[in-house]
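# Descriptive analysis of the structure
This is what each chain is made of:
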Amino acid sequence: QKQENYIKSIKSVLMGEIEWDSLTKINYNPTPTNQSINLPETLELDSILRAEVLQEDKYNVVESPNGNVKFLLYPPAKGPISQDYNPELKHFAIDLVLQKNTPIKSVADGTVIFSEWSAETGYVIILEHAHSFLTVYKHNSSLNKEQGDNVSAGEVIAAAGNTGELSTGWHLHFELWENGYPMDPKNFIDFSEE
């Protein structure tokens with residue numbers, strides 16, 4: 001009954017029938033229940049679940065300005081990161097340590113716009129994706145796709161290598177670009193092997 005009266009009072013304020021100051025005089029005290037609730041444990045479990053979901057949701061989703069999901073990004077490979085994204089050093093990528101010939105996969109549906117050998121970076125493949133995204137995969141031992149090929153997310157496009165003058169071991173040099181600007185791939189993709 002008290003709750004109904006309180007809701008009626010709020011409706012009256014919203015309709016301009018009574019002043020807000022008079023509403024604050026209404027005493028709203030719901031009758032306490034006899035059930036015991038273990039709030040600290042419930043809150044702790046809720047906090048743990050929220051942290052896990054937040055961590056999972058941090059990766060693999062590219063959102064538009066209105067918050068809608070544009071598309072998911074899958075890891076090209078999983079492994080330890082030997083060199084982080086560092087624009088100050090002009091390293092617009094992350095380097096993943098991989099075993100020889102580890103399959104390298106496309107992070108999203110796209111089209112191959114470059115698939116060639118480079119003296120400095122070995123076998124390189126570049127994909128164009130929706131929403132003005134480009135991904136670059138360098139130092140491969142071989143390439144499975146040619147310029148103009150369409151690829152699906154998760155499709156193998158190359159094999160991890162140690163090619164090119166700038167390579168120091170078996171790894172993948174992976175770059176992510178949007179609208180011509182480099183982005184830290186770790187903000188969008190989880191590369192951990194867990």
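Owing to the predicted nature of the structure, the values given are computational and were not obtained by experimental measurement. (Residues numbered from 1 in each chain as written. Predicted model: local features only at pLDDT ≥ 70, side-chain atom pairs only at ≥ 80, totals over all residues. Heavy atoms only, no water.)

Within the protein chain, the regular secondary structure consists of 3 helices and 12 strands. Of all 194 residues assigned to the protein chain, the portion counted as buried reaches 34%. When the accessible surface of the protein chain is totalled, it reaches about 12,600 Å², and 51% of it is carbon and sulfur. (Helix = DSSP H or I, 4+ residues; strand = E, 2+ residues; numbered from the N terminus. Buried < 20%, exposed > 50% of the residue type's maximum accessible area, 1.4 Å probe, protein only. Areas by Shrake-Rupley, 256 points an atom, 1.4 Å probe, with all protein chains shown as cover.)

Let us look at the pattern of salt bridges. One pass over the full model with this rule turns up 3 salt bridges. Among the ionic pairs, Glu-175 bridges to Lys-138, the shortest N-O distance being 3.2 Å. Taken together, the positions of Glu-175 in strand β11 (residues 171–178) and Lys-138 in strand β8 (residues 133–143) put the pair 37 residues apart, joining distant regions of the chain. Where Lys-145 meets Glu-155, a salt bridge forms, and the shortest distance between an N and an O atom there is 2.6 Å. Of this pair, Lys-145 sits in the loop between β8 and β9 (150–151) while Glu-155 sits in the loop between β9 and β10 (156–160); the two residues are 10 residues apart in sequence, bridging distant segments of the chain. Relative accessible area serves as the criterion here: at 17%, Lys-145 is assigned to the buried category. Glu-155 sits in the partly exposed class, given a relative accessible area of 24%. (Salt bridge = Lys/Arg side-chain N within 4 Å of Asp/Glu carboxyl O.)

A few words on the side chain of His-139. Inspection of the secondary structure assignment puts His-139 in strand β8. The exposure class assigned to His-139 is buried, which follows from its relative accessible area of 4%. Side-chain polar atoms of His-139 contact the backbone oxygen of Thr-163, separated by 2.7 Å. Contacts of His-139, omitting those with residues within four sequence positions, involve Glu-120, Thr-121, Tyr-123, Ala-160, Gly-161, Asn-162, Thr-163, Leu-166, Ser-167, His-171 and His-173. (Polar contact = N/O pair within 3.5 Å; in protein donor to acceptor, adjacent residues only side chain to side chain. Contact = heavy atoms within 4.5 Å.)

This brings us to the pairing of strand β6 (residues 110–118). Note: β6 against β9, 2 bridges, orientation antiparallel. Note that in β9 the partner of Gly-110 across the bridge is Val-151. Direction of pairing for β6 relative to strand β7 (residues 122–129): antiparallel, over a ladder of 8 bridges. Looking across to β7, one finds that Trp-117 is bridged to Tyr-123. Here β6 hands over to β7 after 3 residues, the two strands then running antiparallel side by side. (Pairing = 2+ DSSP bridges.)

This part takes up the layout of surface pockets. Of the pockets and cavities examined, the largest pocket occupies roughly 260 Å³. In terms of lining residues, the largest pocket is bounded by 17 residues, among which Asp-95, His-139, Leu-166, His-171 and His-173 are the most central. Sorting elements by how many residues they give to the lining of the largest pocket places β11 first, with 3 residues. When grouped by side-chain class, the residues that make up the lining of the largest pocket number 4 nonpolar, 9 polar and 4 charged. (1 Å grid on protein atoms, 1.4 Å probe; cavity = no way out; pocket = protein on both sides within 12 Å on 5 of 7 lines; lining within 4 Å. Points joined across faces, edges and corners; volume = space filled by probe spheres on them. Nonpolar A, V, L, I, M, F, W, Y, C, P; charged D, E, K, R; others polar.)

In this section: unusual backbone geometry. The residue Asn-101 is not glycine, and still its phi comes out positive at about 65°. Of note, Asn-101 is situated in the loop between β4 (94–97) and β5 (103–105). A positive phi angle is found at Asn-179, which is not glycine, with a value near 50°. Of the residues examined, Asn-179 reaches a relative accessible area of 49% and is grouped as partly exposed.

The next point concerns the packing of aromatic side chains. Per the counting criterion, the structure on display carries 4 aromatic pairs. The interplanar angle of 75° and the centroid separation of 5.0 Å between the aromatic rings of Trp-117 and Tyr-123 together place this pair among those described as edge-to-face. Classification of Tyr-123 by relative accessible area gives partly exposed; the value is 32%. Considering the side-chain rings of Tyr-137 and Phe-174, the 5.3 Å spacing of their centres and the 55° angle between planes classify their relative orientation as tilted. Residue Tyr-137 is found in strand β8, and its partner Phe-174 is found in strand β11; the two are separated by 37 residues along the sequence. You'll find Tyr-137 and Phe-174 in the same group, each marked buried. Counting every residue linked through ring pairs, the aromatic cluster contains Tyr-137, Phe-174 and Phe-191. (Phe/Tyr/Trp six-rings, centres within 6.5 Å; stacked < 30°, edge-to-face > 60°.)

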